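# Structure assessment
Single-letter residue listing:
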Amino acid sequence: MAEDSDLEKTESATPRRLQKAREEGQIVRSRELSTFALLAAGFFGVWGMSGSIGEHLQGMLRGAFTFDHAGAFETRRMMIGAGVASREGLYALLPILAFTGVAALFAPMALGGWQLSAKGLEPKFDRLNPIAGLGKMFSINGPIQLGMSLAKTLVVGVIGGTAIWNRREEILALATQPLHLALANTVHLIAVCCGMTVAGMFVVAAMDVPYQLWQFHKKLRMTKEEVKREHRESEGDPHVKGRIRQQQRAIARRRMMTNVPKADVVVTNPTHFAVALQYTDGEMRAPKVVAKGVNLVAARIREIAAENNVPLLEAPPLARALYHNVELNREIPGPLYGAVAEVLAWVYQLRRFKTEGGDVPLAPTELDVPAELDKGGVSDDEAEQEAAETLNATNDDAPGASA
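Owing to the predicted nature of the structure, the values given are computational and were not obtained by experimental measurement.

Counting secondary structure elements, the protein contains 15 helices and 4 strands. Once local pairs closer than 6 in sequence are excluded, the contacts in the protein between residues at least 24 apart make up 78%.

Dropping the structure here:
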């Protein structure tokens, strides 16, 4: 069942999938929307320029049907008259053609925008497969397209027929009117009928646009495995990236461990935390943290410190404050100057005792650590992360381990 569900295309298309489809020429298109835009442009063109169109048509008809006896038998004059009539007709329809041309160009931008792709012109011989063609005819898309065509024809036919029937008396009266008045009324009636037809096409386009959007996005749906694969291709395999981060942390931790022998003192919790401090007079403005860790990492720091005779001091509040508030290779903050100064003073006394003898210096116990810097113990997440990184570093250091 799990494998079957993974194979189902239940996931929405990713931005990368949509961009790829666009590059291949696959964008949302609605023929009904384009038809509505063309009819609307023609309607508003006829409605707004009915006077100018009527004047051009009147001049065209007057010139076409006005001639003398000699001109009726001269071929050259008849051709000139036909040219003049054609020019007047073009002038009359030119604004309408301009409006419809602009509508044809900008209507596709309402959904998918313009797209020029050579891939859409590439020959695909699989389209000639008759079985695939029959499959498309009997798919769910076939009846829906047929229904949309029938609905469009029915809506336009009913509205157009109703408009003509309701104005049948006006249409019959055109034959009894003067030429200029008949032409003006004819243009007006055409504009009214076109307006009602445009309103009907608006209803059809309003039904077709949501369906085309739904069908387009359904076609580009992806399976869960495809989404995961695309994510890996674009962002990189998370397992590989996690392994790289582990290796980087392991390298940084090994580099940190090499600084422990150079430290002046290691402050411990005594078991959970360990922070190594170093201070060189004249070279540093303040002591800095050269190594720190919790649990297994802290134990390893203590081992290295013991092997290299680096003093260990149990000061839980100071160890926690240093671990939580100071990054590696950074100087300690001002509020901890006093406590760290006492620790370093003890370290210098311990060194003098080892070289000159005398009384054993007492380790400081009451260190002044601000309460707001002592954030308590280590969290479970920090402990698990430290343990995993330490185990990974140990495995990397083992013989035969490879990066």
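What follows picks up the thread again.
Before going further, it helps to examine the sheet that holds strand β4 (residues 312–314). Through backbone hydrogen bonds, the strands of a sheet pair up, either in parallel or in antiparallel fashion. Ordered by their spatial adjacency, 4 strands build an open sheet running β3-β2-β1-β4, and the pairing between neighbours is mixed. The two strands at the open ends of the sheet, each matched to only one other strand, are β3 (288–294) and β4. For this sheet, the mean angle separating the axes of adjacent strands, direction not counted, is 20°. Strand contacts of helix α12 (residues 296–307): β1 (265–268), β2 (273–278), β3 and β4, with the helix running at about 125° to β3, the strand carrying the most contacts. Running over the sheet, helix α13 (residues 316–325) touches β1, β2, β3 and β4 and is turned about 75° from β2.

Below, the discussion takes up the nonpolar core. A general feature of soluble globular proteins is that nonpolar side chains tend to end up buried together. Core analysis: the biggest nonpolar cluster contains 27 residues, and Leu277, Leu318, Leu322 and Leu336 have the highest contact counts within it. Secondary-structure elements contributing two or more residues to this core are β1, β2, β3, α13 and α14 (337–356). With 7 residues, the single largest contributor to this core is α14. Setting aside anything within four residues of it in sequence, one finds Leu318 in contact with Val267, Leu336, Ala339, Val340, Val343, Leu367 and Val369. Ala276, Ala291, Val297 and Ala298 belong to the second-largest nonpolar core, a separate cluster that totals 15 residues.

Another aspect to go through is the side chain of Asp208. Tracing the sequence through the fold places Asp208 in helix α9 (residues 179–219). Under the relative-accessibility criterion, Asp208 is labelled buried at 2%. Non-local contacts of Asp208, meaning those with residues more than four positions away in its chain, are made with Ser30, Arg31, Glu32 and Met148.

UniProt tags residues 89–111, 146–166 and 186–211 as "transmembrane region" (unreviewed entry). End C-alpha to end C-alpha, residues 89–111 measures 35 Å, and it is 78% helix and 0% strand.

Per the counting criterion, the structure on display carries 3 aromatic pairs. With a centroid separation of 6.1 Å and 35° between ring planes, the pair formed by Tyr211 and Trp214 is classed as tilted. Taken together, the positions of Tyr211 and Trp214, both in helix α9 and 3 residues apart, correspond to about one turn of that helix. Given a relative accessible area of 41%, Trp214 falls into the partly exposed group. A cation over an aromatic ring shows up here: Arg168 above the ring of Trp165, its NZ or CZ 4.1 Å from the ring centre.

Here the focus is the pattern of salt bridges. Taken as a whole and assessed by the stated rule, the structure comprises 3 salt bridges. With its nearest N and O atoms 3.5 Å apart, the salt bridge here joins Arg285 to Glu331. A residue pair is termed long-range when its members are at least 10 positions apart, and Arg285 in the loop between β2 and β3 and Glu331 in the loop between α13 and α14 qualify at 46 residues. Its salt-bridge partner being Glu303, residue Arg300 comes within 3.2 Å of it at the nearest N-O pair. Note that Arg300 and Glu303 are positioned in helix α12 at a spacing of 3 residues, about one turn of the helix. Residue classification places Glu303 among the partly exposed positions, given a relative accessible area of 41%.

Residues Leu90, Tyr91, Leu93, Leu94 and Leu97 make up a contiguous nonpolar surface patch of roughly 480 Å² in combined accessible area. Assignment of secondary structure puts Leu94 in helix α5 (residues 75–106). The partly exposed category is assigned to Leu94, whose relative accessible area is 45%.

What counts, and where the lines are drawn
- Residues numbered from 1 in each chain as written.
- Predicted model: local features only at pLDDT ≥ 70, side-chain atom pairs only at ≥ 80, totals over all residues.
- Heavy atoms only, no water.
- Helix = DSSP H or I, 4+ residues; strand = E, 2+ residues; numbered from the N terminus.
- Contact = heavy atoms within 4.5 Å.
- Pairing = 2+ DSSP bridges.
- Axes fitted to C-alpha atoms, helices over the stretch in contact; angles between N-to-C directions.
- Core = buried A, V, L, I, M, F, W, Y, C linked by side-chain atoms within 4.5 Å.
- Buried < 20%, exposed > 50% of the residue type's maximum accessible area, 1.4 Å probe, protein only.
- UniProt positions renumbered as here; feature names shortened; annotations may be inferred.
- Phe/Tyr/Trp six-rings, centres within 6.5 Å; stacked < 30°, edge-to-face > 60°.
- Lys NZ or Arg CZ within 6 Å of the ring centre and 35° of its normal.
- Salt bridge = Lys/Arg side-chain N within 4 Å of Asp/Glu carboxyl O.
- Patch = residues over 30% accessible without salt bridge, like charges linked within 9 Å, V, L, I, M, F, W, Y side chains within 5 Å.
- Areas by Shrake-Rupley, 256 points an atom, 1.4 Å probe, with all protein chains shown as cover.

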